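# Chains, contacts and geometry: an overview
So the chains spell out like this:
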Amino acid sequence: MALEEGARSCLLRVRNRLEQDIKPSYLMDHMISDGVLTVDEEEKIRTQVNMYQAVELLELLLRKDNHAYISFYNALIKEAYDDLANLLHDDLPNISPSVYKSFPDGCTPYVQTVLSEGGVPQRPVVFVSRPELVNRIREKLYRLQKEPGWVTVFGMAGSGKSVLAAEAVRHHGLIEECFPGGVHWLSIGQLDKPDLLAKIQSLCFRLEQSLDSQSLQRPPNSLDEAKERLRFLMLRRYPRSLLILDDIWDSTVLKALDIHCRILLTTRNRSLTDSVSGAKYEVEVESGLEDNKGLEILALYTKTKLQGLPEEARSIVRECKGSPLVVSLIGALLKDKPNRWRYYLCQLQQKQFKRIRKSSSYDYDALDQAMAASIEVLPDEHRDLYKDLTVLEKDIKIPAKVLSVLWDMEPEEVEDILEEFVNKSLLYVDSNNKPYLYYLHDLQLDFLVEQNRNELESLHTKVVRQYQQHYKDGHPTSGDDECLYWIRFLTYHMAKANLSQELYALMFSLDWVNIKAQIMGPAHLINDYVEYGPILDKEVYRHFQEFLSLNGHQLEQRPFPDVVQLALSEPHNSEVYRQALVKAQEGASRGKLYIDWLNKSSVESLSLLVIHPHQGSIYSACFSHDGTKIASCGASKMLKVFKSKSGEKLMEIQAHDEEVLCCAFSPDDRLLATCSSDKKVKVSRLDLVFEEEHEEQVNHCQFTNTTRRLLLATCSNDKFLNVKLWNLNKPSSQNTVFGHFEPVNHCCFSPDDNFLSTSSNDGTVKLFQVSSANEWKTINVREMFTESDEEVLVKCSTWTADGKRIICAARNDVWVFDVETSDMLLEIRTNRLSMVQYCHACPTSNLLAIAYSNYAVELWDLGSNKKMADCSGHLSWVQRVQFSPDGSQLLSCSDDQTVRLWETKKVHTSSAVCLKRDSDVLFTDEEIIVSAADNCNRLWIGIIYWNRLLATLLGHTKTVLHCQFSQNGQTLITSSEDTTIRVWRWQSGECKVLQGHKEQVRCFSLLSKSPTETTLLSWSFDGTVKVALTHMHIHRTAHREAILSCHVSPDGCFFATTSADKMIKRCARLWPDFDLLSGLRIGHQDCVRSCRFSWDSQRLATGDDNGQIRLWSVKDGSLLKICSRDGKDGMDSLHGGWVTDLHFSPDDSLLVSTGGYIKWWNVDKGEALQTFFPTGSALKKIHVSPDFSTFVTIDNIGILYILQRLM
């Protein structure tokens, strides 16, 4: 829009005065920040001689619009040209259309309707206009007309940010031009995740109410779901609408609401929007009012004309430095006692309170004095109640019910008292929440703490005692605001009250762990143990912290897991296990099913902490340089930062449009760099994006190790220009490093930052001088592989702490080279069946960490070339490892979506046998004999309770897929990928080979009950079923695709097969042939991987790759039950993966199934009774004792589980 004529005339009228007095360089910075002046225009003005710069600026201003005039006016104010600003003030343009000038500020009936529907608060009863600030906010909001973005209104508490935000949108032209989709107000405040979810649910419900009834949906169950629901509503149903977020305290709220829409927010923290993407604009609200505005507030409170105010009124405004909060406090007091002007002025002038400062921009003098004056007018009994508020945590809102417990009063009586506090401006109320939430301003709380410092312990003790009296029958679990407060802060009050015994009993209770983890999540619990651990029993504290640290990712699942069952997997000497065993035995006596892990003493959990930060593979994770934070990124496109001690999330942003391949902290931890397959490099907190330099995906990024000369190195899949050094003060790279002509996978600075190493698909590691970007030398790793013609891709390189050696990884080897001579010093021979994904040298010792594709992490001593530790626990490829700066910890991240932390001094090599998942078990009265293949295809047979190896059988040439004992235990039958079946007399080693299948023999069943005659039913990936009796073979093609499972009914009349073709076939067994009775396909949408007849041969259970279990009638093939059908949206129904094995109990009332974990079901109801989470995953089969009390299985990392039902 063109500059209004009145504004143009004003500029021409005072032009000479402006040209003589202003310094354009100071003003132009503000105008560029406002976006009304470009950098090129600024440069053109600066090229003029000083005396003509002002002339050029005003000439340019006359050609611009109303926004530029307002920005110029605001710049004059900021640079203290108050006299010049006054010359322009009267002609400030109204940027709304003139047609609406007949309404005050363009607030038409249409605007009132829009704002009312959007929940925008009305003007307060005591209201004074602040047009300069309102116009400044509106000017920023007009920037959102064409694109989404953020407008932040920030300033100190009590400065009127919320009122200003509401006033800014009370304008017809603004809404019509920029936000025709409406304006929607959401009051936030200090929230945890459950509260934030409830807020967004409420907003979604409000938005959907305006749509047709068919658009109504169930409330979203998680923040991610709520975010997507709100994104859909704002972008599709309410396009070009404005979302106002009032009173934002935490960047996590913004990240949860970062939905690419138009947002206006009010906050104290100017930097909150650093964590989100999009265009950003700011408006600062001054902490103090002008004298005339402060006087206007007092006049409105006392219903007096400005001219009629006593002299004390002006003194009060000046004495409190124009603080809106203080003026309102005094005004509220004068409303009831209008003859106390002199008294309240004396209170402000004479009271000597301790000066409180939180930052240089906060002056708390006036608030202290107003606080004292306000409290003195309270009745004595209410003064004591107000003192009780001293125990509250800062920034926490509480419902009246919490104070009802503390004061032992009826909630209605408490609400009346709180209303009095609010009316006296001694307390604030969030009336947008139902029930209302109450809170103290930080400064009010600081004042109370200072006043009652000697009584803090007794005040906190009162809180604890009142809680214990009120909830003597058990902790609250309702999940409402009152429950959330007590569950979150009870430990805080106990610690502040120095109630060590009560705190000990509470925190070392599985009941408390169960309640708090379910309501608040595991991170809050872990933080409690970190914070209060020093005052608790160290040994027991360690037990509970380890339990939560290693199982936190399980406690985040919904439905919520059984904490007692999880705790039964803890070591036998753990207090956690002791409590769980007692509770499990009590539960078992009442008919609840619990499972104990008998042989867990042979398995060590060496992880310090397990975190599940992403949905999708994690490609990179790194420590901050102070070791307190960890950043991670991966396939989810997100960058997340969390505490290294507890896993509590600190930051979350969508970093790129495609997979994020690497992240790195700057040496001072202020910056975070990321690179991606979208070909971009980004630096968070500087908002730098380098997107035109690389032409292919960027694989790795790393900062220099010190800030002496801060550079960022990146490498990519580009053919030639694939390594770059970035100077963060420039928009383009400082140097392009030439040398590689194939993709570069990794780059790494030497410890002294003098050299940069690069690892490439051309089979070399090159060292470049950082100062010149010239190649120094090349290490040809490809030459190390003389026996193979295959290409050699160097994955990564790492420098030893002294910078004298460089280590690189290629294929399944790790090589150590001398930097000066390029001589190979050491070859680390790793697992030949696995590829090295990454390696990292410890910055403080001789240790080297290696990550593998076989899910393992190993620690090696470079001095002795000896493996020092196996770090087992990941369930998929390990993509990255990194030592902490002090070398005490090691992190690893994996495609299994977890980040694991390890203590380098505690991890060690394991002597346990690593078994494959195909096995058989022979249950006897006194012992359990297990037969399983190890990773070398040797058959391992052992007595579990004696831990003694009985035999090792060699013969199969490929992987053993299945093994089973005969009924008398003297014969062992095995099948293999080599297409054969072998029948062993395992004690003598005698072997008979059965052939006939064309592809791998997946499995078989024993049909003969004779101890001397072996009859087998076998099935294969070739789609055939075969019966083998001595040397005779009968076969039938049963499926078009691979047969995945087969089972014979206990009565011998039927057998069933399942296949990758999603079919289930039920056959009658008629010798010497068998006939197909029926094929079942209805229901299963994925491969049907397992089947099992019930013991009475009346039911057939089947499981598929979607984790679904179905029960069928054998008689007519009808569907009887679908297990966990109602929980299809939860992880409970997914079984953690494929359903691979099924077994009925002898009475057919229970069913056990394996997949990602083990589940026990009630057959009649189809309900899950219990879940056991193994250390690994992808369980293949489970062996069940005849009495259904003992269960044996092996997970994908080779851990053997002997499980027993507690009776």
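Residues numbered from 1 in each chain as written. Predicted model: local features only at pLDDT ≥ 70, side-chain atom pairs only at ≥ 80, totals over all residues. Heavy atoms only, no water.

Going by what an unreviewed UniProt entry lists, the chain is known as Apoptotic protease-activating factor 1 and is assigned to Sphaeramia orbicularis. Under the UniProt heading Function (unreviewed entry), the note attached to the chain is "Oligomeric Apaf-1 mediates the cytochrome c-dependent autocatalytic activation of pro-caspase-9 (Apaf-3), leading to the activation of caspase-3 and apoptosis. This activation requires ATP." UniProt's Subcellular location (unreviewed entry) comment on the chain is quoted here verbatim: "Cytoplasm". (UniProt positions renumbered as here; feature names shortened; annotations may be inferred.)

So, on to the environment of C10. By the element assignment, C10 lies in helix α1 (residues 5-13). When its relative accessible area of 0% is taken as the criterion, C10 is described as buried. Considering only alpha carbons, one finds C10 and D90, 80 residues apart in sequence, at a separation of 8.9 Å. Here C10 is in contact with Y69, L87, L88 and D91, once residues within four sequence places are set aside. (Helix = DSSP H or I, 4+ residues; strand = E, 2+ residues; numbered from the N terminus. Buried < 20%, exposed > 50% of the residue type's maximum accessible area, 1.4 Å probe, protein only. Contact = heavy atoms within 4.5 Å.)

A separate point is the packing of helix α25 (residues 481-496) against helix α27 (residues 510-520). Between α25 and α27, whose axes approach to 10 Å, the crossing angle comes to 125 degrees. Between α25 and α27, the angle is such that the two are oblique. Note on packing geometry: the crossing formed by α25 with α27 is left-handed. Every residue of α27 that contacts α25 at C483, L484, W486, I487, R488, L490 and T491 is listed here: W512, I515, K516, I519 and M520. Split by residue class, the contact of α25 with α27 holds 9 nonpolar, 1 polar and 2 charged. (Axes fitted to C-alpha atoms, helices over the stretch in contact; angles between N-to-C directions. Parallel < 35°, antiparallel > 145°, perpendicular 65-115°, else oblique. Left-handed = near helix turned anticlockwise from the far one by under 90°. Nonpolar A, V, L, I, M, F, W, Y, C, P; charged D, E, K, R; others polar.)

A word on the pairing of strand β47 (residues 1015-1020). Of all 6 residues making up β47, 6 are buried, and the element is well covered by its neighbours. Of the two faces of β47, the one lined by T1015, L1017 and W1019 and the one lined by L1016, S1018 and S1020 are each fully buried. With 5 bridges joining them, strand β46 (residues 1001-1006) and β47 adopt antiparallel strand pairing. Note on β47: the bridge partner recorded for C1003 is W1019. (Pairing = 2+ DSSP bridges.)

Here we come to a negative patch on the surface. Negative charge collects at one region of the surface, where D408, E410, E412, E413, E415, D416 and E419 lie side by side. Among the structural elements, E413 can be located in helix α22 (residues 411-423). The class of E413 is partly exposed, set by a relative accessible area of 43%. (Patch = residues over 30% accessible without salt bridge, like charges linked within 9 Å, V, L, I, M, F, W, Y side chains within 5 Å. Areas by Shrake-Rupley, 256 points an atom, 1.4 Å probe, with all protein chains shown as cover. Salt bridge = Lys/Arg side-chain N within 4 Å of Asp/Glu carboxyl O. Lys, Arg positive; Asp, Glu negative; His and termini not counted. Charge placed at Lys NZ, Arg CZ, Asp CG, Glu CD.)

Attention now moves to the confidence of the model for the chain. The pLDDT averaged across the chain works out to 83; a share of 86% of its residues lies at or above 70. Residue range residues 96-104 is modelled with pLDDT below 50. Its contacts to residues more than four positions away, or to other chains, number 12 contacts. Note that residues 1069-1077 has pLDDT below 50 and, in this model, 29 contacts with residues that lie over four places away or in other chains. (pLDDT = per-residue confidence, 0-100.)

This paragraph deals with the packing of aromatic side chains. Taken as a whole, this structure holds 19 aromatic pairs when the rule is applied. Measuring from ring centre to ring centre gives 5.8 Å for F720 and F741, while their planes differ by 75 degrees; the resulting arrangement is edge-to-face. On the criterion of sequence distance, the pair formed by F720 in the loop between β20 (711-716) and β21 (723-727) and F741 in the loop between β22 (733-737) and β23 (744-749) is long-range, its members being 21 residues apart. Judged by centre distance (5.7 Å) and plane angle (75 degrees), the ring pair of F785 and W815 falls under edge-to-face. Of this pair, F785 sits in the loop between β26 (775-780) and β27 (794-799) while W815 is found in strand β29 (residues 813-818), placing the two residues 30 residues apart along the sequence. The residues F785 and W815 share a single accessibility class, namely buried. Pairwise contacts between aromatic rings join Y467, Y471, Y485, W486, F489 and Y492 into one cluster. Residue placement shows K777 over the ring face of W776; its charged tip is 4.2 Å from the ring centre. The cationic tip of R811 hangs over the ring face of F785; the distance from NZ or CZ to the ring centre is 4.8 Å. (Phe/Tyr/Trp six-rings, centres within 6.5 Å; stacked < 30°, edge-to-face > 60°. Lys NZ or Arg CZ within 6 Å of the ring centre and 35° of its normal.)

Let us now look at helix α17 (residues 324-336). In this model α17 runs 19 Å from its N-terminal to its C-terminal C-alpha over 13 residues, within 8% of the 18 Å that 1.5 Å per residue would give. Turning to α17, its buried residues number three or more, namely P324, L325, V326, V327, S328, L329, I330, G331, A332, L333 and L334. (Expected span 1.5 Å × (residues − 1).)

Here the focus is the UniProt feature "repeat: WD" (unreviewed entry) in the chain. Residues annotated in UniProt with the feature "repeat: WD" (unreviewed entry) correspond here to residues 653-683, 737-778, 871-912, 953-994 and 1081-1122. Split by type, residues 653-683 is 0% helix and 52% strand. Its first and last C-alpha atoms lie 12 Å apart.

Along any regular strand the residues' side chains alternate between the sheet's two faces. Burial analysis of strand β31 (residues 836-841) places 6 of its 6 residues in the buried class, which makes it a mostly covered element. As defined by bridge partners, β31 adjoins strand β32 (residues 847-852) across 5 bridges and the pair is classed as antiparallel. Each residue of the ladder has a partner; that of V836, found in β32, is Y852. Here β31 folds back onto β32 in antiparallel fashion, the turn holding 5 residues.

Moving on, we get to the environment of H172. Assignment of secondary structure puts H172 in helix α11 (residues 172-178). Remark: the alpha-carbon pair of H172 and Q112, spanning 60 residues in sequence, is separated by 9.1 Å.

What follows covers the state of the cysteines. As used in these notes, a disulfide is a covalent bond between sulfur atoms, one from each of two cysteines. For the coordinates displayed, the defined rule picks out 0 disulfides. Take C675: it sits in no disulfide, and the sulfur closest to it among the cysteines is that of C701, at 3.9 Å. Free cysteine: C1046, not disulfide-bonded; nearest cysteine sulfur from C1091 at 6.3 Å. Given a relative accessible area of 7%, C1046 falls into the buried group. (Disulfide = S-S within 2.5 Å.)

Positionally, E570 belongs in the loop between α30 (563-567) and α31 (575-589). Despite its burial, E570 pairs with no opposite charge, the nearest such side chain being K600 at 7.9 Å. Sequence-distant contacts of E570, that is, excluding residues within four places in its chain, are made with H543, F547, N551, V576, Y577 and K600.

Turning to helix α20 (residues 380-388), a few remarks are in order. Of all the positions in α20, only H382, L385, Y386 and D388 are classed as buried. An end-on view of α20 places all buried positions within 145 degrees of arc, on one side of the element. (Arc of directions from axis to C-beta.)

What follows covers the sheet that holds strand β1 (residues 149-154). Strand order across the open sheet formed by 5 strands is β2-β3-β4-β1-β5, with parallel pairing between neighbours. Edge strands, defined here as strands with exactly one partner in the open sheet, are β2 (183-189) and β5 (279-284). Across the sheet, the mean angle separating the axes of adjacent strands is 15 degrees when strand polarity is ignored. Here strand β3 (residues 242-248) pairs with strand β4 (residues 262-267) via 5 bridges, running parallel. Looking at the pairing, L242 lines up with R262 of β4. Contacting β1, β3, β4 and β5, helix α9 (residues 131-142) crosses the sheet at an angle of about 180 degrees to β5.

This paragraph deals with the pattern of salt bridges. Throughout the structure, instances matching the rule amount to 41 salt bridges. The residue D91 makes a salt bridge to R13 at a minimum N-O spacing of 3.3 Å. Linking D91 in the loop between α7 (82-89) and α8 (109-117) with R13 in helix α1, this pair joins segments that are 78 residues apart in sequence. The class of R13 is exposed, set by a relative accessible area of 56%. A salt bridge links E42 to R46; its shortest N-O distance comes to 2.9 Å. With E42 and R46 both in helix α4 (residues 39-46), this residue pair falls 4 residues apart, about one helical turn. Overall, E42 belongs to the buried group, its relative accessible area being 11%. Overlapping salt bridges bring together K199, D247, K397 and D430 as one network.

Running from amino to carboxyl end, helix α21 (residues 400-407) crosses helix α24 (residues 456-470) at an angle of 95 degrees, the nearest separation of the two axes being 8 Å. As judged from the angle between their axes, α21 and α24 are roughly perpendicular. On α24, the residues touching V405, L406 and W407 of α21 are K462, V463, Q466, Y467 and H470. For the contact of α21 with α24, the residue count by class is 5 nonpolar, 2 polar and 1 charged.

In any sheet, the strands associate via hydrogen bonds between backbone groups, in a parallel or an antiparallel arrangement. Across the sheet, which stays open at both edges, the 4 strands sit in the order β15-β16-β17-β18 with antiparallel pairing between neighbours. The open sheet is flanked by β15 (660-665) and β18 (688-690), the only strands paired with a single partner. Between one strand axis and the next, the sheet turns by 15 degrees as a mean value, whatever way the strands run.

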